[in-house]
Amino acid sequence: MRRLLWLGIGLAVGALVVRAVAKKAQAFTPQGIAASARDSAIGIAAGVREFVEDVRDGMAEREAEIHAAFADGLTLDEDLYPEGRQHG
């Protein structure tokens, strides 16, 4: 009875190992490499898309600040000329 228990455990562990090795080996097939490249490209595209959205949000925010400053008659050069100097 004890031998059957160990045989069952051995078969289960062996099946798990074979399955894991097959999964890893599939990653090195042409289809696996193509899938990995596709996933990488999708990740890069998503990162670029997020960057572009952040830039657009920043541009819209800055544009709103500029419009508000012009509407209020304020100068936008306070960061460049804190003493109130005028360029030129």
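In this report, the structure presented in the accompanying data block is examined. Fair warning: this is a prediction, and the values are worked out from it, not measured in the lab. (Residues numbered from 1 in each chain as written. Predicted model: local features only at pLDDT ≥ 70, side-chain atom pairs only at ≥ 80, totals over all residues. Heavy atoms only, no water.)

### Looking at the overall build of the protein
Here is step 1: Looking only at helices and strands, one finds two helices and zero strands in the protein.
Here is step 2: Counting across all 88 residues of the protein, residues that qualify as buried make up 3%.
Here is step 3: When the accessible surface of the protein is split by element, carbon and sulfur atoms take 64% of a total near 8100 Å². (Helix = DSSP H or I, 4+ residues; strand = E, 2+ residues; numbered from the N terminus. Buried < 20%, exposed > 50% of the residue type's maximum accessible area, 1.4 Å probe, protein only. Areas by Shrake-Rupley, 256 points an atom, 1.4 Å probe, with all protein chains shown as cover.)

### Here we look at a negative patch on the surface
Here is step 1: On the surface, a cluster of negative charge is contributed by Glu50, Glu53, Asp54, Asp57 and Glu61.
Here is step 2: Assignment of secondary structure puts aspartate 54 in helix H2 (residues 30-72). (Patch = residues over 30% accessible without salt bridge, like charges linked within 9 Å, V, L, I, M, F, W, Y side chains within 5 Å. Salt bridge = Lys/Arg side-chain N within 4 Å of Asp/Glu carboxyl O. Lys, Arg positive; Asp, Glu negative; His and termini not counted. Charge placed at Lys NZ, Arg CZ, Asp CG, Glu CD.)

### Considerations on the pattern of salt bridges
Here is step 1: Scanning the entire structure with this criterion turns up two salt bridges.
Here is step 2: Across the pair aspartate 39 and arginine 38 runs a salt bridge, and its minimum N-O distance is 3.9 Å.
Here is step 3: The class for arginine 38 is partly exposed, based on a relative accessible area of 48%.
Here is step 4: The salt bridge partner of glutamate 65 is arginine 62, with a shortest N-O separation of 3.1 Å. With glutamate 65 and arginine 62 both in helix H2 and three residues apart, this pair spans about one turn of that helix.
Here is step 5: What makes glutamate 65 partly exposed here is its relative accessible area of 39%.
Here is step 6: Of the residues examined, arginine 62 reaches a relative accessible area of 42% and is grouped as partly exposed.

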